[in-house]
Amino acid sequence: MDKYVTSEEFRELMRRQYTAESPYTLGEYEGVSLTLDVCEIMDDIKSFEVRPDDCWVVTYPKAGTTWVQEIMSAVMHDGNLEEINKTHTMLRVPYLEENMPEKVRRLKNIPLKHRIADEMPSPRVLKSHLPGQLLPAQIWAKEV
């Protein structure tokens, strides 16, 4: 994601994500309440191409997700904290269903997060707060 936005730009964009111009509104997908922007990409998320070496961090919100992301990043980088700290956690471990507002994405030419994840080299650490039935079906089909 570094090729689209720097860590500093990302922090600022996230700070301004929900405003009066771009409010936080809910919709529904397969009986699950989600933000409208997430509802719009759910068909893509459910058909997201899962790789055999992907590591998924799937948790309830506020359940230690960031801590687990950091641990998995350390495992994937052989404990090289210097390498890990070069990139903000949210850029290193894409949160698949969370995206910048469309206006910001157009301004900075930033693709949707699941498209950025497609470009990432393997092995990838991916994050989601979606319930199991809304995750890509391949997660359950891949052998470990």
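Located above this text is the structure these notes cover.
About the criteria used
- Residues numbered from 1 in each chain as written.
- Predicted model: local features only at pLDDT ≥ 70, side-chain atom pairs only at ≥ 80, totals over all residues.
- Heavy atoms only, no water.
- Phe/Tyr/Trp six-rings, centres within 6.5 Å; stacked < 30°, edge-to-face > 60°.
- Buried < 20%, exposed > 50% of the residue type's maximum accessible area, 1.4 Å probe, protein only.
- Lys NZ or Arg CZ within 6 Å of the ring centre and 35° of its normal.
- Salt bridge = Lys/Arg side-chain N within 4 Å of Asp/Glu carboxyl O.
- Helix = DSSP H or I, 4+ residues; strand = E, 2+ residues; numbered from the N terminus.
- Contact = heavy atoms within 4.5 Å.
- Expected span 1.5 Å × (residues − 1).
- Arc of directions from axis to C-beta.

(A) Local environment of the packing of aromatic side chains. Tallied over the full model, the rule gives one aromatic pair. Centre to centre, the rings of F48 and W56 are 6.1 Å apart; their planes meet at 85 degrees, and the pair counts as edge-to-face. Here F48 and W56 have matching classes, each one buried. The ring of Y95 is capped by K127, whose NZ or CZ atom sits 4.5 Å from the centre of that ring.

(B) Representation of the pattern of salt bridges in the model. Overall, the coordinates contain seven salt bridges when judged by the stated rule. Here D44 and R115 are joined by a salt bridge, their closest N and O atoms 3.1 Å apart. A residue pair is termed long-range when its members are at least 10 positions apart, and D44 in helix α2 (residues 36–46) and R115 in helix α7 (residues 113–119) qualify at 71 residues. On the basis of relative accessibility, which here comes to 30%, the residue D44 falls in the partly exposed class. You can call R115 partly exposed: its relative accessible area is 37%. Salt bridges here are not isolated pairs; linked through shared partners, they connect D44, R115 and D118.

(C) Inspection of the side chain of N99 at higher detail. Mapped onto the elements, N99 comes out in the loop between α5 (89–92) and α6 (102–108). The buried category is assigned to N99, whose relative accessible area is 5%.

(D) Up close: α2. When we look at burial in α2, the residues that qualify are V38, C39, I41, M42 and I45. Looking at the buried positions of α2, the neighbouring elements they touch are β1 (26–29), β2 (32–35) and α7.

(E) Quick peek at helix α3 (residues 65–76). Helix length check: α3 (twelve residues) gives 16 Å between terminal C-alpha atoms against 16 Å at 1.5 Å per residue, within 8%. Of all the residues in α3, the buried ones are T65, Q69, M72 and S73. The buried residues of α3 occupy one face: seen down the axis, they fall within an arc of 105 degrees. Check the buried side of α3 and you find it contacts β3 (55–58), α4 (81–84), α5 and β4 (125–128). Note on α3: the residue one or two positions beyond its end, D78, has a positive phi of about 50 degrees.

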